[in-house]
Amino acid sequence: MNMTMNEKELMGIRVTVHRGTNQIGGCVTEYECRGFHLFVDYGEQLPGYEQTNLEIEGLTKGDVSHSALLITHYHGDHIGKVSELNSEIPVYMGKTGCEIYREFELHMAHIPGEEGKKKRMVADRVGKFRHFVPGLSFEVGPFKIMPIVMDHSAFDAYAFKIEADDRKVFHTGDFRTHGFRSKTLPSVIEKYIGKVDCVVSEGTNIERSKDAVTKSEQVIKKEFTEGFKENKYNVVYVSSTNIDRLFALHHAACTAGRMFILDEFAKKMMDAAANVDKLWGKSRFYHFLGGQQAPKVLWKDGVINDTFYQAMERHGYVLIARASDKFEKLLKKMPSEGRKTYLSMWKGYVDNPESPAYNKNLAEAVGKDYVHIHTSGHSDVESMSKLFKMLEPNVIIPIHTNDPEKFAKTFSEWNVKMLADGEVFSTNPFGDIPVHEEGDIVLSAISIAENQELDDVKISSVDENLKCWKLDYKDIGSFCYTEQAREALKYVRANKNVLAFEIWEECDFTLILGDVYRRDKTLYANLDSECTFASEEVAMAIMRLPFSWYLVHVKVMGPATKEALKKVHDEGLLDVGYNSFDEFYEHYEPISHYEPDMIVKPLIDIETFEGKVLCDLVPVRYLFPMDVVEQLQLKVK
Ligand SMILES: [Zn+2]
Ligand SMILES: [Zn+2]
């Protein structure tokens, strides 16, 4: 493929976080490739932040014919500003989340005046969204997008793998791993996402971690069940769009034998999840129990007749409430002896009148004497770390966080790139330096394949401190000149498993192993390097066994001089596959482009289909001191 220099510079994906690098909410992230603008989320800022008006080429202004918008979920800080956009921009969202959001906006459309009008407009706009299906990739411009479901306090929330030009980015959206639907995440990541170059990750709980409660939804459900068993009359203030929590409350009420009472709006929200045909409808969790246990939907939002009153007295109840006049009036008409009030939302809404997040109506409704049962919709540090380990990105960009510095410190074993709002980050492996025509200089990286099955060879060791790792080998690029390869190396990001980089160069029509660099990109050894290992010294060596490369504990036997080779051969330690040593040595020279100039003896038993490896020949540049693995910060089972 012939490309102009300009085209090559445009290769890869450029990531711009227009808003959200140092705040929670107001999210807008752009992925740009070959002039196409793919945006993820266009949300409102949360109260308490300096409100900014964004002017974004391809989104709020200019040519929008090469733009599209993906919505991760229906929380206002991700979708809130969508109705302001040019209607020519196609918007993609999950179907169920879309329905829930539309119902929610329609419910608010009865507010008189401008605000109600705006809500109706939003509902209209949302009705025109396109839908994607989890696990089914789709194409938009040069991008291939794979949506997967993430567990979050919003139902039907998504993360995206965004692929273009051989680059892969994973955009987490808001997520957690302690919900009802989190268990499958590792297998979903493995099946649909795999390894990526870059992760754009939410970091809400980085600074909230102290007071953010991340107990599981299962525990929350149990606490409610116990509370409802103990108390006859219960009122729960909970977000109507927190579908998982609503169903947990329904099941908890049933287990405790209490009537589950809610208004038509909350029921509609739950219906949206219960009636999804394929995705969640199958789950028993998103089903209403029937008969006596069926939810009681308030008639005309609050008429209570004698029969209903008596039933409440007999069974007790769990009322799903919101802070409004309607519920205040209703509560006065319901049996109330020993009634308990629960808040099942973030405490920040009610506990500090000075806080910008303070909700006066809600604070008054729950009063001072309430029980707080809640867990965060966002991931804790440990689960984020687990996710990153699965994705193995070269770079992580934090968003949706108040404290990107703390994020970077917390995940210091990773390459965390803190961007400023509006700053462009290029995933082009060569950064801004031009990629040259295919040449004969090859730059490549060798990394340890973590937790891989060593299935090609049989390995056994009596000493558990002695190890053998399989290696991954990846070409980074081809160049005309060694200098260009060295320059390109500066722009390559070292994955945490990278053992070394190497440059192979052409010499008399054969490729020879030239420079070997440490993972910090300082030169480790080159063609002229002398062996610094003493005879009998224990070291780590890269060995090329049939089919795969391995990093193995070895004993250095010394340079591969003719005498030394003859000695190990005569001792039966070197199986050269020739009838005689002389015959072998005659053929030894021509393969010298690999320059296996050191004799090593593996300290563990390695058996390939060709037999046991007693001694082997490796280039001196493939011999590393023992501490090399510790530098990789690899955790080995
Ligand atoms: Zn959010
Ligand atoms: Zn959210």
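Up top is the structure.
Residues numbered from 1 in each chain as written. Chains lettered and ligands numbered in written order. Predicted model: local features only at pLDDT ≥ 70, side-chain atom pairs only at ≥ 80, totals over all residues. Heavy atoms only, no water.

Quick look at the sheet that holds strand 3 (residues 36-40) now. Overall, mixed pairing links the seven strands, which are arranged 6-5-4-3-2-1-19 in an open sheet. Whereas interior strands pair on both sides, the edge strands pair on one side only; in this sheet they are strand 6 (130-132) and strand 19 (424-426). Mean inter-strand twist for the sheet, computed between neighbouring axes without regard to direction, equals 25°. Taken together, the five bridges between strand 2 (residues 28-33) and strand 3 define a ladder with antiparallel strand orientation. What sits directly across from Tyr-31, in strand 3, is Leu-38. (Pairing = 2+ DSSP bridges. Helix = DSSP H or I, 4+ residues; strand = E, 2+ residues; numbered from the N terminus. Axes fitted to C-alpha atoms, helices over the stretch in contact; angles between N-to-C directions.)

Right, let's get into the environment of Ser-65. Counting through the fold element by element, Ser-65 comes out in the loop between strand 3 and strand 4 (67-70). Measuring from C-alpha to C-alpha, the distance between Ser-65 and Glu-88 comes to 7.5 Å, with 23 residues separating the pair along the chain. Looking at Ser-65, its side chain comes within polar contact range of the side chain of Asp-63, at 2.7 Å. A polar side-chain atom of Ser-65 sits 3.1 Å from a polar atom in the side chain of His-66. (Polar contact = N/O pair within 3.5 Å; in protein donor to acceptor, adjacent residues only side chain to side chain.)

Coordination of the zinc ion (ligand 2) by the protein is provided by His-73 (NE2), His-75 (ND1), His-152 (NE2) and Asp-174 (OD), with metal-donor distances spanning 2.2 to 2.3 Å. Its four donor atoms give the zinc ion (ligand 2) angles of 90 to 167° at the centre, a pattern that matches the irregular case. (Donors = N, O, S within 2.8 Å, 3.2 Å for Na, K, Ca; no water. Tetrahedral: all angles 85-135°; square planar, octahedral: opposite > 155°, others 65-115°.)

Let us now look at helix 11 (residues 325-333). Residues spaced three or four apart along an α-helix point in a common direction, a consequence of the helix completing one turn every 3.6 residues. What helix 11 keeps buried is the set Phe-327, Leu-330 and Leu-331. Angularly, the buried residues of helix 11 cover 100° about the axis, an arc narrow enough to put them on a single face. What points out from helix 11, more than 90 degrees from its buried face, is the exposed set Asp-325, Lys-329 and Lys-332. Buried-residue contacts for helix 11 involve strand 12 (233-237) and strand 15 (317-321). (Buried < 20%, exposed > 50% of the residue type's maximum accessible area, 1.4 Å probe, protein only. Arc of directions from axis to C-beta. Contact = heavy atoms within 4.5 Å.)

This part is about the sheet that holds strand 29 (residues 605-608). Spatially, 21-29-30 is the arrangement adopted by the three strands of the open sheet, whose pairing is antiparallel. Each end of this open sheet is capped by a strand with a single partner; those strands are strand 21 (458-460) and strand 30 (611-612). Note that strand 21 and strand 29 share three bridges and pair antiparallel. Across the sheet, the residue bridging to Lys-458 is Glu-607, located in strand 29.

Glancing now at the packing of aromatic side chains. One pass over the structure, following the stated rule, counts 23 aromatic pairs. Centre to centre, the rings of Tyr-233 and Tyr-317 are 5.1 Å apart; their planes meet at 25°, and the pair counts as stacked. Of this pair, Tyr-233 sits in strand 12 while Tyr-317 sits in strand 15, and the two are 84 residues apart along the sequence. Assigned by exposure class, Tyr-233 and Tyr-317 land together as buried. (Phe/Tyr/Trp six-rings, centres within 6.5 Å; stacked < 30°, edge-to-face > 60°.)

So, on to the pairing of strand 16 (residues 340-343). Alignment of strand 12 against strand 16, held across four bridges, turns out to be parallel. The residue bridging Val-236 from the neighbouring strand is Tyr-342, located in strand 16. Sheet topology places strand 16 next to strand 17 (residues 371-372); two bridges connect them, and they run parallel. Within strand 17, the position partnered with Leu-343 by the bridge is His-372.

The next thing to look at is the coordination of the zinc ion (ligand 1). At the metal site, the zinc ion (ligand 1) is ligated by Asp-77 (OD), His-78 (NE2), Asp-174 (OD) and His-400 (NE2), and these contacts range over 2.1 Å. Coordination geometry of the zinc ion (ligand 1): the four donor atoms subtend angles of 83 to 170° at the metal centre, consistent with an arrangement described as irregular. When the donor residues of the zinc ion (ligand 1) are listed from N- to C-terminus, their spacing reads D-H-x95-D-x225-H. Between the two metal centres, the zinc ion (ligand 1) and the zinc ion (ligand 2), the spacing is 3.4 Å, with Asp-174 acting as a shared donor. Separated by 323 residues along the polypeptide, Asp-77 in helix 2 (residues 76-79) and His-400 in the loop between strand 18 (395-399) and helix 14 (404-410) bring together distant segments of the chain. Residues Asp-77 and His-400 agree in their burial class; the two are buried.

We now examine helix 9 (residues 264-274). In terms of burial, helix 9 is largely enclosed, as eight of its 11 residues are buried. When we look at burial in helix 9, the residues that qualify are Phe-265, Ala-266, Lys-267, Met-269, Met-270, Ala-272, Ala-273 and Ala-274. Here the buried face of helix 9 lies against helix 3 (95-108), helix 8 (243-256), strand 13 (259-262), strand 14 (296-297) and strand 15.

This paragraph deals with the environment of Pro-142. Relative to the elements of secondary structure, Pro-142 occurs in the loop between strand 7 (138-140) and strand 8 (143-150). Sequence spacing of Pro-142 and Phe-36 is 106 residues, and the spatial spacing of their C-alpha atoms is 7.1 Å. Beyond its immediate stretch of four places on either side in the chain, Pro-142 contacts Cys-33, Phe-36, Glu-163 and Ala-164.

With that settled, consider unusual backbone geometry. One non-glycine residue with positive phi stands out, namely Arg-34, at about 50°. Mapped onto the secondary structure, Arg-34 falls in the loop between strand 2 and strand 3. Arg-34 sits in the partly exposed class, given a relative accessible area of 44%. Even without a glycine there, the phi angle at His-400 is positive, about 55°. When its relative accessible area of 1% is taken as the criterion, His-400 is described as buried.

All quantities given are derived from atomic positions and should not be read as evidence of function.
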